[in-house]
Amino acid sequence: MNASKLKTLMVFKYLNQYSDEENPLSTTDLISMLAEDGISCERKSIYSDVSALKQIGVDVMSVTSPKRGFFIASRTFQVPEVRLLIDAVESAGFITPKKSEELINKLKALLSEGQAKDITSQVYSDDVNKCDNEQIYIIIDQLDEAITSGRQVCFNYRTRNIDKENKKSYTSKTFVVSPYAMLWKNDHYYLVCNKSSHDNLMNLRLDRIRKIEILNEPVRDISEVSEYFDIFNAADYSSKMFNMFSGKVESVTLLCELDLREQIVDRFGKKAPLTAVDSNHFETEIAAAVSDGFISWVMQFGNKIKVLEPQYLAENIKEKAQAIADLY
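The notes below deal with the structure included here.

## So, the overall build of the chain
Link 1 in the chain: If you tally the helices and strands in the chain, you get 12 helices and 11 strands.
Link 2 in the chain: At 28 Å, the chain has a C-alpha radius of gyration far larger than the 20 Å of a compact globule built from 328 residues.
Link 3 in the chain: Summarising its shape, the C-alpha atoms of the chain cover approximately 85 × 55 × 50 Å along the three principal directions.
Link 4 in the chain: Every one of the 328 residues in the chain was classed for burial, and the buried ones make up 39%.
Link 5 in the chain: Pairs at least 24 apart in sequence give 62% of the contacts found in the chain among residues at least 6 apart.
Link 6 in the chain: Entry remark: accessible area of the chain is about 19600 Å², with carbon and sulfur atoms responsible for 50%.
Link 7 in the chain: Between the mean site of the 40 positive side-chain charges and the mean site of the 48 negative ones, the chain shows a separation of 5 Å.

## Re the sheet that holds strand 8 (residues 248-257)
Link 1 in the chain: Pairing in this open sheet of four strands is antiparallel, and the strands run 9-10-8-11 from one edge to the other. Two strands close off the open sheet at either side, each with one partner strand: strand 9 (275-276) and strand 11 (305-309).
Link 2 in the chain: Against the sheet, helix 10 (residues 261-268) touches strand 8, strand 10 (281-290) and strand 11, its axis set at about 30 degrees to strand 10.

## Re the packing of helix 11 (residues 292-299) against helix 12 (residues 311-327)
Link 1 in the chain: Two elements in contact, helix 11 and helix 12, have axes separated by 11 Å at closest approach and are oriented at 70 degrees. Judged by the angle between their axes, helix 11 and helix 12 are roughly perpendicular. Two packed elements cross with a definite hand, and for helix 11 against helix 12 that hand is right-handed. When helix 11 is examined against helix 12, the residues Phe294, Ile295, Val298 and Met299 are found in contact with a partner set consisting of Leu313, Asn316, Ile317, Lys320, Ala321 and Ile324.
Link 2 in the chain: Of the residues contributing to the contact of helix 11 with helix 12, the split by class is eight nonpolar, one polar and one charged.

## Observations regarding the environment of Lys173
Link 1 in the chain: For Lys173, the position within the fold is in strand 4 (residues 170-185).
Link 2 in the chain: When the C-alpha atoms of Lys173 and Gln135 are compared, they prove to be 18 Å apart, with 38 residues separating the residues in sequence.
Link 3 in the chain: Here Lys173 is in contact with Phe155, Asn156 and Tyr157, once residues within four sequence places are set aside.

## A few points about the pattern of salt bridges
Link 1 in the chain: Inspection of every chain in the model, using the stated rule, returns 11 salt bridges.
Link 2 in the chain: Between Arg151 and Glu145 there is a salt bridge whose closest N-O contact spans 3.5 Å.
Link 3 in the chain: Judged by its relative accessible area of 24%, Arg151 is partly exposed.
Link 4 in the chain: Overlapping salt bridges, with partners in common, bring together Asp199, Arg220 and Glu224 in one network.

## Looking at helix 3 (residues 43-55)
Link 1 in the chain: Looking only at helix 3, the buried set comprises Ser45, Ile46, Asp49, Val50 and Leu53. For helix 3, the angular spread of buried residues about the axis comes to 150 degrees, placing them on one side. Facing away from the buried side of helix 3 by over 90 degrees, the exposed positions are Lys44 and Gln55.

## Here's the deal with the sheet that holds strand 7 (residues 209-218)
Strand pairing in a sheet takes place through backbone hydrogen bonds and is either antiparallel or parallel in direction.
Link 1 in the chain: Spatial ordering of the open sheet is given by 6-5-4-3-7, a layout of five strands whose pairing is antiparallel. Edge positions in the sheet fall to strand 6 (202-205) and strand 7, since each of these pairs with one other strand and no more. Neighbour-to-neighbour, the strand axes of this sheet turn through a mean angle of 50 degrees, independent of strand direction.
Link 2 in the chain: Looking at chain direction, strand 3 (residues 151-160) and strand 4 are connected through eight bridges and run antiparallel. Each bridged residue has a counterpart across the sheet, and for Cys154 the counterpart in strand 4 is Val176.

## Details of the side chain of Arg220
Link 1 in the chain: Along the chain, Arg220 turns up in the loop between strand 7 and helix 8 (222-225).
Link 2 in the chain: A distance of 3.3 Å separates polar atoms of two side chains, one belonging to Arg220 and the other to Glu224.
Link 3 in the chain: Beyond its immediate sequence surroundings of up to four residues, Arg220 is in contact with Ser178, Tyr180, Asn194, Lys195, Ser196, His198, Asp199 and Val225.

## Points about the pairing of strand 3
Link 1 in the chain: Direction of pairing for strand 3 relative to strand 7: antiparallel, over a ladder of five bridges. Among the inter-strand pairings, Arg151 is bridged to a residue of strand 7, identified as Pro218.

## Some points on unusual backbone geometry
Link 1 in the chain: Following Ser65, the chain continues into Pro66 via a peptide bond in cis, with omega recorded as 0 degrees.
Link 2 in the chain: Within the fold, Pro66 resides in the loop between strand 1 (60-63) and strand 2 (69-72).
Link 3 in the chain: Residue Glu309 is joined to Pro310 through a cis peptide bond whose omega torsion reads 0 degrees.
Link 4 in the chain: The phi angle at Lys211 is positive, at roughly 50 degrees, despite the residue not being glycine.
Link 5 in the chain: Mapping Lys211 onto the fold places it in strand 7.
Link 6 in the chain: Since its relative accessible area comes to 70%, Lys211 is described here as exposed.

## Brief notes about the side chain of Ser291
Link 1 in the chain: Examined against the element boundaries, Ser291 turns out to sit in the loop between strand 10 and helix 11.
Link 2 in the chain: If we ignore the near neighbours within four places in the chain, the residues touching Ser291 are Phe242, Phe245 and Ser246.

Thresholds applied
Residues numbered from 1 in each chain as written. Predicted model: local features only at pLDDT ≥ 70, side-chain atom pairs only at ≥ 80, totals over all residues. Heavy atoms only, no water. Helix = DSSP H or I, 4+ residues; strand = E, 2+ residues; numbered from the N terminus. Rg over C-alpha atoms; globule rule 2.2 N^0.38 Å. Buried < 20%, exposed > 50% of the residue type's maximum accessible area, 1.4 Å probe, protein only. Contact = heavy atoms within 4.5 Å. Areas by Shrake-Rupley, 256 points an atom, 1.4 Å probe, with all protein chains shown as cover. Lys, Arg positive; Asp, Glu negative; His and termini not counted. Charge placed at Lys NZ, Arg CZ, Asp CG, Glu CD. Pairing = 2+ DSSP bridges. Axes fitted to C-alpha atoms, helices over the stretch in contact; angles between N-to-C directions. Parallel < 35°, antiparallel > 145°, perpendicular 65-115°, else oblique. Left-handed = near helix turned anticlockwise from the far one by under 90°. Nonpolar A, V, L, I, M, F, W, Y, C, P; charged D, E, K, R; others polar. Salt bridge = Lys/Arg side-chain N within 4 Å of Asp/Glu carboxyl O. Arc of directions from axis to C-beta. Polar contact = N/O pair within 3.5 Å; in protein donor to acceptor, adjacent residues only side chain to side chain.

Everything listed here is a matter of geometry and, on its own, says nothing about what the molecule does.
Below you can see the structure in the form of structure tokens.
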């Protein structure tokens with residue numbers, strides 16, 4: 001490579017890796033860094049390099065106080081954006097500790113070293129709830145390919161055994177399914193799919209999947225196993241799931257205490273109807289997959305929510321509450 005072109009690229013590398021508003025690099029700094037990499041140059045050539053970088057859109061700023069030098073003022077990702085992404089990786093239970101560390105280091109490289117150090121010192125990492133499936137990237141990639149190409153997949157699905165000795169053992173079952181989407185919900189990554197022996201959708205955790213294989217068999221039409229036609233609506237489906245329990249989607253009428261209006265809007269969206277009943281209560285009608293997950297969601301509010309319709313659901317909740325009372 002032409003020596004002058006290489007020098008300009010090296011100047012960009014130094015500015016990108018080390019400079020920010022609090023840590024500008026002077027011409028002396030840049031000349032010293034270049035010398036360590038075996039490149040000698042005059043001071044005025046640094047200004048030509050900076051000018052060339054500006055011409056291709058790199059936002060290099062020049063400052064004189066409190067220290068004279070250059071720094072990259074705007075990057076593809078700003079500090080708050082990288083912080084958000086790092087926190088998301090840290091909290092994602094389906095990413096193993098090893099892969100979390102690798103991904104976080106890549107995210108830190110989007111900033112200067114000084115900015116990255118300030119961020120990572122504030123991040124708390126808890127590995128207790130992290131999965132141990134180091135094949136998770138391969139699984140995600142294979143499922144994405146299968147969904148895009150409309151083909152079925154075969155894999156082993158692992159669940160934890162419980163025994164008196166508390167030994168770590170697992171049961172593995174082979175599944176052949178039609179995959180439709182991957183959803184990140186409740187801090188887990190799920191595959192929304194259909195098992196050919198059933199005419200509905202099921203949700204399987206990606207971190208429990210092992211030994212995946214893409215088959216040549218086409219997926220079942222989504223209209224055969226769900227309320228959707230042609231295209232699976234991931235946003236709509238996710239909004240109706242509770243703790244990712246599958247169930248028949250029904251219209252449910254709830255009587256709620258007034259102080260739950262924000263929780264209802266947060267869970268079901270701003271379009272959820274809120275109809276005043278009296279000074280302390282309102283009614284709302286929502287679409288939800290009726291399941292144990294939905295029942296648990298309702299019961300967490302105690303006597304602040306009452307199911308009015310459908311009646312069988314109200315009876316199920318009453319029986320569940322009675323069973324809990326009997327347990328104590």
